[in-house]
Amino acid sequence: MLYTIRPLLKLLLFAPLVICGILFAAQVVSQKQLPQIKEGLQRYGKAVPRILLVSILCGALCMGFFMTGMPYSGSFRMSFTYPKASKGLTPNSTTLDASEILSNEVLERAVENEKLGNLSVGELKNTLGIGNVKARDRVSVDELYVSTEYEVSYNASKRTASLDKDVLLKAVSDAYYEYFTESYGRKTDVLEEDYSGVTDLDYLDVHKYLDSQINNVIEYMDMCSAENATFVSDVTQESFGSIKDKAKNFQDVSLERYQAYVLKYGLSHNSGQYISRLNYENRVTNVEYLKNLAAYRVRIAAIDRYDGDITRAVLVPTRDEDGEFYQSRTKIGTDYFAADANARLEAATANQLNIETNNYHIQSLSTATGGDAQREEADKMVEALKKEISSITNQAIETIEDYDAQTANGYISFVFPDRFSDLQFFVIKSALYAVILFTALSVVILTNADALLKKRKKNKKLKVI
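The model shown is predicted, which means the values in this text are computed figures rather than measured ones.

Chemist: So what exactly am I meant to see when it comes to the sheet that holds strand 2 (residues 128-132) here?
Modeler: Hydrogen bonds between backbone groups are what pair the strands of a sheet, and the pairing can be parallel or antiparallel. Spatially, four strands are ordered 2-3-1-6 in an open sheet, and the strand pairing comes out antiparallel. What marks the edges here is a single partner per strand, and that holds for strand 2 and strand 6 (412-415). Averaged over all neighbouring strand pairs, the angle between strand axes comes to 25 degrees, with direction disregarded. Bridge count for strand 2 against strand 3 (residues 149-155) is five bridges, and the pairing is antiparallel. What sits directly across from Leu128, in strand 3, is Tyr154. On the sheet, helix 5 (residues 165-184) packs against strand 1 (73-80), strand 2, strand 3 and strand 6 and is oriented at approximately 25 degrees with respect to strand 1.

Chemist: How should I be thinking about unusual backbone geometry in this particular structure?
Modeler: In terms of backbone geometry, most residues other than glycine have negative phi values and most peptide bonds are trans. Not every positive phi belongs to a glycine, and Ser93 is a case in point at roughly 75 degrees. Here Ser93 shows up in the loop between strand 1 and helix 3 (104-110). For Gln237, which is not a glycine, the phi torsion comes out positive at approximately 60 degrees. With respect to the helices, strands and loops of the structure, Gln237 is situated in the loop between helix 6 (203-227) and helix 7 (240-265).

Chemist: What is the right way to read the packing of helix 6 against helix 11 (residues 372-407) from this model?
Modeler: The description of two helices packed together rests on the angle between their axes and the distance between the axes. Between helix 6 and helix 11, the shortest axis-to-axis distance is 11 Å and the interhelical angle comes to 20 degrees. Taken together, the axes of helix 6 and helix 11 are roughly parallel relative to one another. Where helix 6 crosses over helix 11, the handedness of that crossing is left-handed. Here helix 6 contributes Tyr203, Val206, Leu210, Gln213, Ile214, Val217, Tyr220, Met221, Cys224 and Glu227 to the contact with helix 11, which in turn contributes Arg375, Ala378, Asp379, Val382, Leu385, Ile389, Ile392, Thr393, Ala396, Ile400 and Tyr403. Residue composition of the contact of helix 6 with helix 11, by class: 16 nonpolar, two polar and three charged.

Chemist: Which parts of the structure should I look at to understand the packing of helix 6 against helix 8 (residues 271-305)?
Modeler: As a packed pair, helix 6 and helix 8 sit with axes 11 Å apart at the nearest point and diverge in direction by 50 degrees. Taken together, the axis directions place helix 6 and helix 8 in an arrangement best described as oblique. For the pair helix 6 and helix 8, contact is made by Leu204, Asp205 and Lys208 and by Tyr274, Arg277, Leu278 and Glu281, respectively. Counted by class, the contact of helix 6 with helix 8 contains three nonpolar, no polar and four charged residues.

What counts, and where the lines are drawn
- Residues numbered from 1 in each chain as written.
- Predicted model: local features only at pLDDT ≥ 70, side-chain atom pairs only at ≥ 80, totals over all residues.
- Heavy atoms only, no water.
- Pairing = 2+ DSSP bridges.
- Helix = DSSP H or I, 4+ residues; strand = E, 2+ residues; numbered from the N terminus.
- Axes fitted to C-alpha atoms, helices over the stretch in contact; angles between N-to-C directions.
- Contact = heavy atoms within 4.5 Å.
- Parallel < 35°, antiparallel > 145°, perpendicular 65-115°, else oblique.
- Left-handed = near helix turned anticlockwise from the far one by under 90°.
- Nonpolar A, V, L, I, M, F, W, Y, C, P; charged D, E, K, R; others polar.

Everything listed here is a matter of coordinates, which is why it stays silent on function.
Structure, rendered in structure tokens:
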């Protein structure tokens, strides 16, 4: 009901101002000049109480208009609180786009709220808007500035007028936070492993699997160290660098000791099957080796075909950081061929190393001397390795979580205005409206608008006579 009568209230508020403007314009046009201020002041002194009363009543009507609009409009402030936001990036270094809060994917999550009924994504999107809270007056090329604060506004439609605006805005903010953390938040899934399936692997496969897992930890710690090398967790008392050192020690000492023990006794759950698998891997790797070696030779031959005069020097004039000219040597075909040839040679060398390693493992398994006692000892070593790597990964995860808690502040903060601040804002706007109306009415009285009307009536009577 209130939503339907608000347009009428708006018309009533604008009507007095429009009438005053019309009367003032009519007075100026008809008299070609403003009337005497002295006469206007005499009439104005008598009319002040009535003008004040009308202004107060209209101000109250304006306050009523704003109050009736409270259920149908609202907003909340959204601030990105993690360090990379000031560079326009998400936590995983992709481009930050705050308008994603109005994307279909986010709003689809929002409309799942039971209190929003069967509201569609399109109906919800039509009621929402987003804008910067504050932007700099001056933007410099040398100084990057990216807004990290935005205001999301809501204006009800006929379809959403019956819904609670606070519930609707909360649903939107919760949906966006969930979407943002899932899409861009730091993920530690690669580190989360219970290693329960390790005992089902063959002895040499245990080494390969744990080596791969600990490499994930090392690479993750390298990435975190690049972001903040000095951070020390209050929870674990570890830095990213110290955890990386523990991971390297596990890889170079504990894992190598375990592998040496397994190869010494040629331990395997099924040595015949494992040897067959290694032989198959060697055949596949050998094909890759021959391909890489052939590609390397082709590129070396291509380099030899280049004319020496062309490859001697190709200089391009350019400027340095200080704006001074200098001759820069640009890359030519031989440079690209050389880089590609080097990469192919490195790949072929790695293939050859894998084949030699597999051959060594095949030899160890073929001359196995280990029995039940050695297998039992190897099983104990596997359990010890599981505990050690679990301890390292848990420390890594806890340190990352502590770092994010101290620096990211939850990634996003949402601030919803309280009703008292809304009322203050409405009172100020209503008072301003009353002052404007009071001024407009005063101007009409001072410019002798009613005297003009009387003069017109008198002129009409004279014409009749």
